[in-house]
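Residues per chain are reported as follows:
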Amino acid sequence: MKLTSFVILLPHQFLHVMKELVSIFPFFNGQAARSTMLTAKLILNIRKTTRNGNIWMKPKDVEDQILVERSLQGEQQAFEQLVKRYQKSIYNLAYRMTGSREDAEDLAQETFLRAYVKLETFQVGRRFSPWLFRIASNLCINWRNRQKQRELSLDSLGEDKKEQLLFPDTSADPLFQI
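Structure report, in brief. Each chain has its residues counted from 1, following the order in which its sequence is written. Under the rules for a predicted model, residues below a pLDDT of 70 receive no local features and side-chain atom pairs below 80 are neither given nor counted, while totals for whole chains, interfaces and linings still include all residues. The side-chain quantities take in all heavy atoms of the structure and omit both hydrogens and water.

### Here's the deal with a nonpolar patch on the surface
What counts, and what does not: Patches here are clusters of residues that have more than 30% relative accessible area and form no salt bridge, with a 9 Å joining cutoff for like charges and a 5 Å cutoff for nonpolar side chains (Val, Leu, Ile, Met, Phe, Trp, Tyr). For the accessible areas, the method is Shrake-Rupley and the probe is 1.4 Å, while residue cover comes only from the protein chains on display. A pair is scored as a salt bridge if a Lys or Arg side-chain nitrogen falls within 4 Å of a carboxyl oxygen belonging to Asp or Glu. Strands here are runs of E lasting at least two residues and helices are runs of H or I lasting at least four, both read from the DSSP assignment and numbered beginning at the N terminus.
Taken together, the side chains of L113, Y116 and V117 define a hydrophobic patch exposed on the protein surface, amounting to about 290 Å² of accessible area. With respect to the helices, strands and loops of the structure, V117 is situated in helix α5 (residues 101-117).

Shown next, in the form of structure tokens:
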């Protein structure tokens, strides 16, 4: 469902318009009506949670809200659409924070996995993209902290131990004898 623009209506006006649409267009029933009523409920919920009753969200943000709700109802295709929408941006963030393509791919995948698992904690009425980017940035920060700890643990070893770890003595190993 692609929202390009919408009119801001008061709650009682919106429900009235929805009832009129169902009565005017007989084909406007079944799945389309359920999906539209879900959209109506989401928009009303968003209106309640924003300041002064005004909707500050862009249509893309409202689409995200709808996709999240559909994902919560068990529709996997809805979450796939969210992944497709944000995968490049999340990968770019992870790449900028790690400097490694492989680590960025792993962290981007972990971001979407965590988002899927914790989707029920997402607050309807808030924008989805900052929530997702916060998950990604926290994962990248944790990754960077682990990298620093590994470097510090190597630095705490003496030079002799570092050489043994980096260049082990292979003279006694029959595989390395020629």
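On we go.
### What about the pattern of salt bridges?
The full count for this structure, using the stated rule, is five salt bridges. In this structure, D61 engages R127 in a salt bridge whose closest nitrogen and oxygen atoms are separated by 3.2 Å. In this pair, D61 sits in helix α3 (residues 59-72) while R127 sits in the loop between α5 and α6 (128-156), placing the two residues 66 residues apart along the sequence. Of the charged contacts, one joins E63 and R85 as a salt bridge, the two residues approaching to 2.8 Å between their closest N and O atoms. Separated by 22 residues along the polypeptide, E63 in helix α3 and R85 in helix α4 (residues 76-98) bring together distant segments of the chain. Each member of the salt-bridge network shares a partner with another, and the members are E63, D64 and R85.

### Observations regarding the side chain of S129
Cut-off, in case you're wondering: Burial here depends on accessible area, computed with a 1.4 Å probe over protein chains only, as a share of the maximum for the residue type. Under 20% is buried, over 50% is exposed, and the range in between is partly exposed. Distance and chemistry together define a polar contact, namely a pair of N or O atoms within 3.5 Å, with one atom able to donate a hydrogen and the other to accept it when in protein, and with adjacent residues in sequence counting only for side-chain atoms on both sides.
Along the chain, S129 falls in helix α6. For S129, a relative accessible area of 10% puts it in the buried group. Of the polar contacts made by the side chain of S129, one reaches the side chain of R127; its length is 3.5 Å.

### Things to note about the environment of K60
In plain terms, the rule: For this analysis, residues touch if any pair of their heavy atoms sits within 4.5 Å.
Mapped onto the secondary structure, K60 falls in helix α3. Residue K60 is classed as partly exposed on the basis of its relative accessible area of 43%. Between the C-alpha atom of K60 and that of F128, which follows or precedes it by 68 residues, the distance is 9.9 Å. Beyond its immediate sequence surroundings of up to four residues, K60 is in contact with R85 and Y86.

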